[in-house]
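Residue strings, one per chain:
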Amino acid sequence: MTHNRFEELQRRCKALQRKRFLKVAGLILFSFIALFWVYSMREPVTPIAIVLPEPSLPEVIVETNESQVVSAPLEAEVIPEVDEFKEPILFLEPKFKPTTTPKLPQKEIQEANRLLKMEHTLLEAFNHSATYESAYALAHFYFERKSYLEAIVWAKKANKLNPNLDQTWLIYAKSKFSLGEKEEAISSLERIIGYIKSEELRDLLDFYKGQR
Amino acid sequence: MKDFEIAKTLFKDSIDTSFYFDSVSAEAARKKLTDILNAKKNSLVFVLGDPGVGKTHMLTMLHHSPLFSSHSIFMQHPCFEWQELFLKLYTLKGLPFDETENEDIHCELLGELYSDETCIVFVDEAQLLCEKQFEMIAKLCSLHSFQCVLALHKDDVKKVSNHSSFKNFSQEHIFYGTLNEQELHRYLQAQLMAHSQGEIALMFSARNTKKIARYAKGNFRTVKKFFYNLFKLLDYAQKNNLTKQTTLSNCLLVMTALDIGLIRDA
């Protein structure tokens, strides 16, 4: 291997690589131009309309007085003539587009979220410290929302924690009454009145007895 | 410091029977040929393949192998006279060759000599044999004591196998394929590692060998030539402090391919 030979090979290699690069670059450029040309020459897309063939009218057989069978076109009797027959056009894409997008009831959603947060807070409070107040708060919360079953559960819990207070008994009796268990509501009120002297309970008992 | 001088010598274009590379095609061909020769069914076996795939190497290796060395002769070049062939056959049996006798008498004598043991005649470059040589091989095959293995180029098989002298003999064809990319990588690593040139072997990535395989088209001879020239260039660059060219690069591979004429830039 001589120095000249090595240099010559290096020179040839560089020339070859340059040639290859130009070839590839030219090919890419040509492809781009060809693609651009094809894209620019392309016609705009028109909607495809499918024209249905005109329906051929069937012939019906009409019986006359002479008991002869005469064939007459159905058109005259059955199908009323239309002034202008419009060819139905079926589009592949639905033409109808709603002008306004439907909105969700924001107020209700906000209210539901607020109540959910409140319930969560009350439950957390009860879990943190199981007191009569927190149980009563939950019973009251569910009673206000007309969730009577839950209200009864939480009223019972509150009564266990402090059976001497009348608020939760009132919730209990009212919930039972609202659920249709009138007798249960009255009997429970009668039992409680023996322990707790409350005007409110007595008034309620009288009212329920009057509702019988 | 990498010794490219030693690495270069490992890829000289010479037949080294001590080294055998077990490529898929080589293994398949070797196994098939060994089976045929052991079965002693076919009088004529043709080993076909492109020039430089390793046909000669395989014949040389089998001729020197303990399996056949005691009862085989190898005609390495196709330009031989009948005397040369017969001399080898007599020498194998440890007998002197009498040049005064004619060809037919020798044929009879050889038939008697090899009646107990079949002799294998390996002939390389069989596509270059002349009419007289074809007839001579046919004569030996007709004695039923000789099996002839002819290595020839793939393109010339029809000309040789359809020769009028060979029509009466049972023939077998064995194809010898090329190396694939993975085999080439394995060959390079094995050859360099076997000669303590691990540092050089690590220079070659699978991507490099893939490129070399593409240049050489899987031809064993071309691959060896490529590596020989590549190490020659690396050796020159190292000795002349051309640091940029002492590492394996795409440019260096292109330079090698240009040097041995695998790429035409004109």
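**Describing the environment of M255(B)**
1) Next: Considering the arrangement of structural elements, one finds M255(B) in helix α12 (residues 250–259).
2) Next: Judged by relative accessible area, which is 0%, M255(B) ranks as buried.
3) Next: In this structure, the C-alpha to C-alpha distance between M255(B) and L233(B), residues 22 residues apart in sequence, is 8.6 Å.
4) Next: Contact partners of M255(B), with chain neighbours within four places excluded, come to F6(A), L9(A), Q10(A), C13(A), L233(B) and Q245(B).

**Topic: the sheet that holds strand β1 (residues 44–49) of chain B**
Residues and elements named next belong to chain B.
1) Next: Across the sheet, five strands lie side by side as β2-β3-β4-β1-β5; this open sheet has parallel pairing. Only two strands of the sheet have a single neighbouring strand rather than two, namely β2 (72–75) and β5 (171–175). Adjacent strand axes in the sheet meet at a mean angle of 20 degrees, parallel and antiparallel pairs treated alike.
2) Next: Bridge count between β1 and β5: five bridges; the pairing is parallel. What sits directly across from L48, in β5, is F175.
3) Next: Seen against the sheet, helix α4 (residues 82–92) touches β2, β3 (119–123) and β4 (146–153) and runs at an angle of roughly 155 degrees to β2.
4) Next: Taken strand by strand, helix α6 (residues 131–142) contacts β1, β3 and β4, and its axis lies near 145 degrees from that of β4.

**Looking at the interface of chain B and chain A**
1) Next: With 16 residues of chain B in contact, the opposing surface of chain A contributes 13 residues.
2) Next: For the pair chain B and chain A, the summed buried area comes to about 1400 Å², and 64% of that belongs to carbon and sulfur atoms.
3) Next: In terms of surface lost to chain A, no three residues of chain B exceed Y236(B), M255(B) and D265(B), which account for 40% of the buried area on that side.
4) Next: The interface formed by chain B and chain A includes one salt bridge.
5) Next: For R5(A), the salt bridge goes to D259(B), with nearest N and O atoms at 2.3 Å.
6) Next: Counting across the interface, chain B meets chain A through one residue pair in polar contact (both at pLDDT 80 or more).
7) Next: The biggest single contributor to the side of chain B that touches chain A is α12(B), with six residues.

**Describing the side chain of D235(B)**
1) Next: Tracing the sequence through the fold places D235(B) in helix α11 (residues 220–239).
2) Next: Apart from residues no more than four positions distant in its own chain, D235(B) is found in contact with F4(B) and E5(B).

**Brief notes about α4(B)**
Residue and element names in this part refer to chain B.
1) Next: For α4, the set of buried residues is W82, L85, F86, L89 and Y90. Within α4, the buried residues cover an arc of 135 degrees as seen down the axis, which keeps them to one side.
2) Next: Contacts from the buried residues of α4 go to β2, α5 (103–113), β3, α6 and β4.
3) Next: Where α4 terminates, the next one or two residues include G94, which has phi positive at roughly 75 degrees.

**Some points on the confidence of the model for chain B**
1) Next: When pLDDT is averaged along chain B, the result is 89; 100% of the residues meet or exceed 70.
2) Next: Among the scores for the predicted complex, ipTM is 0.73 and pTM is 0.60.

**Overview of the packing of aromatic side chains**
1) Next: This structure, assessed with the given rule, holds 28 aromatic pairs over all chains.
2) Next: An aromatic cluster is present here, built from F4(B), F11(B), F19(B), F21(B), Y187(B), F204(B), Y215(B), F220(B), F226(B), F227(B) and F231(B) joined pairwise through their rings.
3) Next: Against the face of W154(A) rests K157(A), its NZ or CZ located 4.1 Å from the ring centre.

Here is what the cut-offs are and how they apply
Residues numbered from 1 in each chain as written. Chains lettered and ligands numbered in written order. Predicted model: local features only at pLDDT ≥ 70, side-chain atom pairs only at ≥ 80, totals over all residues. Heavy atoms only, no water. Helix = DSSP H or I, 4+ residues; strand = E, 2+ residues; numbered from the N terminus. Buried < 20%, exposed > 50% of the residue type's maximum accessible area, 1.4 Å probe, protein only. Contact = heavy atoms within 4.5 Å. Pairing = 2+ DSSP bridges. Axes fitted to C-alpha atoms, helices over the stretch in contact; angles between N-to-C directions. Buried area = accessible area lost by both parts, 1.4 Å probe. Salt bridge = Lys/Arg side-chain N within 4 Å of Asp/Glu carboxyl O. Polar contact = N/O pair within 3.5 Å; in protein donor to acceptor, adjacent residues only side chain to side chain. Arc of directions from axis to C-beta. pLDDT = per-residue confidence, 0-100. Phe/Tyr/Trp six-rings, centres within 6.5 Å; stacked < 30°, edge-to-face > 60°. Lys NZ or Arg CZ within 6 Å of the ring centre and 35° of its normal.

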